[in-house]
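Below, each chain spelled out in residue letters.
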Amino acid sequence: MRAENITLESRSVSLGFDVERIRQDFPILKQKIKGKTLIYLDNAATTQKPEAVLEALRRYYTSKNSNVHRGVHWLSEQATRDYEAARHRVKSFLNAGSEHEIIFVRGATEAINLVAHSFGRKWVQAGDEIVISAMEHHSNIVPWQILCEEKGAALRVAPINDEGEMVLEEYEKLLNSRTRLVAVTHVSNALGTVNPIRSIIQAAHSKGIPVLIDGAQAAPHLKVDVQELGCEFYVFSGHKIYGPTGIGVLYGKERLLDQMPPYQGGGEMIRSVTFQKTIYNQLPYKFEAGTPHIAGAIGLAAAIDYVNALGLETVAHYEQMLLAHATEALAAVRGVRIIGTAQDKAAVVSFVLDGVHAHDVGTILDQQGIAIRAGHHCAMPVMERFGVSATARVSLAFYNTRQEIDAVAASIHKVREVFG
Ligand code: C6P
């Protein structure tokens, strides 16, 4: 190992964070891609899974696999106990008031659709308005568009400035007596902006408007306390926080969830069924029709335990160091323009390279075993706002290192040379 690497590593250790030790927990990171050691910098798309999560899934399937809340047999009781223990872990992770407020869903997308369907069906009418921001992921745009079309309601969009920050004065002007809900992202997947959600929530609440926060890109990086925030809904995806795909969380205030109609009908969400009338189950089961992703919930709990053991504050501190290094290293490449230069950012550096399509950047890096994302990142209105069709996006996790970022920067310098 070169002396330079030893210095960098010990610097990470002195931050209270032994990244080389942590990397040992992620088997996929040892893999060679095209003859090169994998450098995985597509963490906003999905994160890699530690042994603890893989082991939790294996243990569940090898010794407890069974359906939940149905069987009277031992396996089913074990599966039910672990599934509900996972819900308890999520409740503590978000500091929710009760397990009734934690609904397991497939991911952030399904959670937002659930609210759009259920809350929308009950409380949105013709002439009403839903407020979102100009930096939303399609998952926090399209469900509201569908709802607005169905109901004759209108979608209002709070603008963002050239740095990629929400313009709060303009946002506040959009709030009025017709606004039924504000739905904004906590952290932008395309820009990395951390939104001032406390101010956003307060402004909405001062007018009696409920708020949904899309936490898909925040939960892996920032401590979230839903009681302190006071938001009505908070959603996130398990796979972006080192857990399995196909599991996610909708947090909702019990008072609202109680009044909302079910999203889907089926088994588990009922108390009794006759052909004349169905009585729905209590929360949270009213919103969990059908057999849930039991292993997924258990894997998510293991991921939460893993992240908690590292400490989200320690993780955030380390990731901020990486973010500053990546921003500096990439900005130093001739012709790089960083898209998203907000004061408060998390884990994402999106950029365009003058004269080179983002897909070419992504493809050339792939030849070096480097995984980044290139494209519109399911945030086409953000691309339009910045006058680009696509960006190359480096998104960070706590297992990334300064050396990996240096390798990416060196590769992009080479791309620059090739394209002139
Ligand atoms: N963003 C990205 O590469 P799902 O697919 O349901 O797990 O998450 C949807 C979603 C919702 N909100 C935000 C802010 C997101 O970033 C995402 C997913 C990934 O940026 C895949 S497009």
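Criteria and cut-off values
Residues numbered from 1 in each chain as written. Predicted model: local features only at pLDDT ≥ 70, side-chain atom pairs only at ≥ 80, totals over all residues. Heavy atoms only, no water. Helix = DSSP H or I, 4+ residues; strand = E, 2+ residues; numbered from the N terminus. Buried < 20%, exposed > 50% of the residue type's maximum accessible area, 1.4 Å probe, protein only. Near = heavy atom within 4 Å. Polar contact = N/O pair within 3.5 Å; in protein donor to acceptor, adjacent residues only side chain to side chain. Areas by Shrake-Rupley, 256 points an atom, 1.4 Å probe, with all protein chains shown as cover. Domains from an automatic or database assignment. pLDDT = per-residue confidence, 0-100. Contact = heavy atoms within 4.5 Å. Salt bridge = Lys/Arg side-chain N within 4 Å of Asp/Glu carboxyl O. Core = buried A, V, L, I, M, F, W, Y, C linked by side-chain atoms within 4.5 Å. Pairing = 2+ DSSP bridges. Axes fitted to C-alpha atoms, helices over the stretch in contact; angles between N-to-C directions. Parallel < 35°, antiparallel > 145°, perpendicular 65-115°, else oblique. Left-handed = near helix turned anticlockwise from the far one by under 90°.

## A look at unusual backbone geometry
Here's step 1: Omega for the bond connecting L283 with P284 falls within 30 degrees of zero, at 0°, which places this linkage in the cis form.
Here's step 2: Locating P284 in the fold gives a position in the loop between β12 (278–280) and α11 (294–310).
Here's step 3: At K34, a residue that is not glycine, the phi angle is positive and equals roughly 50°.
Here's step 4: You can see K34 is positioned in the loop between β1 (32–33) and β2 (36–37).
Here's step 5: The partly exposed category is assigned to K34, whose relative accessible area is 48%.
Here's step 6: With a phi close to 55°, C378 is a non-glycine residue in the positive phi region.
Here's step 7: Note on placement: C378 falls in the loop between β16 (373–375) and α14 (380–385).

## Examining the site of the ligand
Here's step 1: If you check the shell around the ligand, you find 18 residues, and the closest are T109, D214, Q217, H239 and R373.
Here's step 2: Between the ligand and A108 there is a distance of 3.4 Å, counted from an oxygen atom to a backbone nitrogen or oxygen.
Here's step 3: In the model, an oxygen atom of the ligand is placed 2.7 Å from a nitrogen or oxygen of the Q217 side chain.
Here's step 4: Calculation on the ligand without its partners gives an accessible area of 510 Å², and the protein chains cover 87% of this total.
Here's step 5: Counting only domains with at least three residues in the shell around the ligand, you end up with domain 1 (2–30 + 311–419) and domain 2 (54–308).

## A word on the confidence of the model for the chain
Here's step 1: On average, residues of the chain score 95 in pLDDT, and 96% of them reach the 70 mark or higher.
Here's step 2: A low-confidence stretch, residues 1–11 stays under pLDDT 50, and its non-local contacts, those more than four residues away or across chains, total eight contacts.

## What about the pattern of salt bridges?
Here's step 1: Counted by the stated rule, this structure contains 20 salt bridges.
Here's step 2: The salt bridge involving E129 is made with R156; its shortest N-O contact spans 3.4 Å. Here the residue E129 occupies a position in strand β5 (residues 129–133), and R156 occupies one in strand β6 (residues 154–158), the gap between them amounting to 27 residues.
Here's step 3: For R156, a relative accessible area of 33% translates into the label partly exposed.
Here's step 4: K253 serves as the salt-bridge partner of E232, at 3.2 Å between the closest nitrogen and oxygen. Residue E232 is found in the loop between α9 (226–229) and β9 (233–237), and its partner K253 is found in the loop between β10 (248–252) and α10 (254–259); the two are separated by 21 residues along the sequence.
Here's step 5: What makes E232 buried here is its relative accessible area of 6%.

## Some details on the nonpolar core
Here's step 1: Counting residues in hydrophobic clusters, the biggest one holds 110 residues, and the most contacted among them are L94, Y171, V182, Y234 and F398.
Here's step 2: Per-element tally for this core: the top contributor is α11, with eleven residues.
Here's step 3: Residue assignment places this core across two domains, with domain 1 (2–30 + 311–419) and domain 2 (54–308) each supplying three or more.
Here's step 4: Apart from residues lying up to four places away in sequence, Y234 is in contact with L94, H186, I213, G215, A218, A219, V224, V226, L229, V249, L250 and Y251.

## Some thoughts on the sheet that holds β5
Here's step 1: The sheet built from seven strands is open, its strands ordered β4-β10-β9-β8-β7-β5-β6 with mixed pairing. Pairing within the sheet leaves two strands with one partner each, and these edge strands are β4 (102–105) and β6. With strand direction ignored, the average angle separating the axes of adjacent strands in the sheet is 20°.
Here's step 2: Most of the contacts of helix α5 (residues 108–123) go to β9, to which it runs at about 150°, and overall it touches β4, β7 (179–185), β8 (211–214), β9 and β10.

## Here's the deal with the sheet that holds β16
Here's step 1: One open sheet accounts for four strands, arranged β13-β14-β17-β16; its pairing is antiparallel. The open sheet is flanked by β13 (336–339) and β16, the only strands paired with a single partner. Neighbour-to-neighbour, the strand axes of the sheet open up by a mean angle of 30°, direction not taken into account.
Here's step 2: Two elements, β16 and strand β17 (residues 391–395), share three bridges in a ladder whose sense is antiparallel. Its bridge partner lying in β17, G375 is registered against T391.
Here's step 3: Set on the sheet, helix α12 (residues 312–331) makes contact with β13, β14 (348–353) and β17; between it and β14 the angle comes to about 5°.

## Concerning the side chain of T391
Here's step 1: Relative to the assigned elements, T391 resides in strand β17.
Here's step 2: A polar atom in the side chain of T391 sits 3.0 Å from the side chain of S350.
Here's step 3: If we skip the residues at most four places from it in the chain, T391 touches I339, S350, F351, V352, A358, R373, A374, G375, H377 and M383.

## Concerning the packing of helix α4 (residues 74–94) against α11
Here's step 1: The N-to-C vectors of α4 and α11 enclose an angle of 40°; their axes lie 9 Å apart at closest approach. When the axes of α4 and α11 are compared, the pair comes out oblique. Crossing handedness for the pair α4 and α11: left-handed. Listed contacts from α11 to A79, D82, Y83, A86, R89, V90 and F93 of α4 are I294, A297, I298, L300, A301, I304, D305 and N308.

## Examining the pairing of strand β11 (residues 270–273)
Here's step 1: Bridge count between β11 and β12: three bridges; the pairing is antiparallel. Paired with I270 across the two strands is Y280, which belongs to β12.
Here's step 2: The antiparallel pairing of β11 with β12 creates a hairpin that spans four residues between the two strands.

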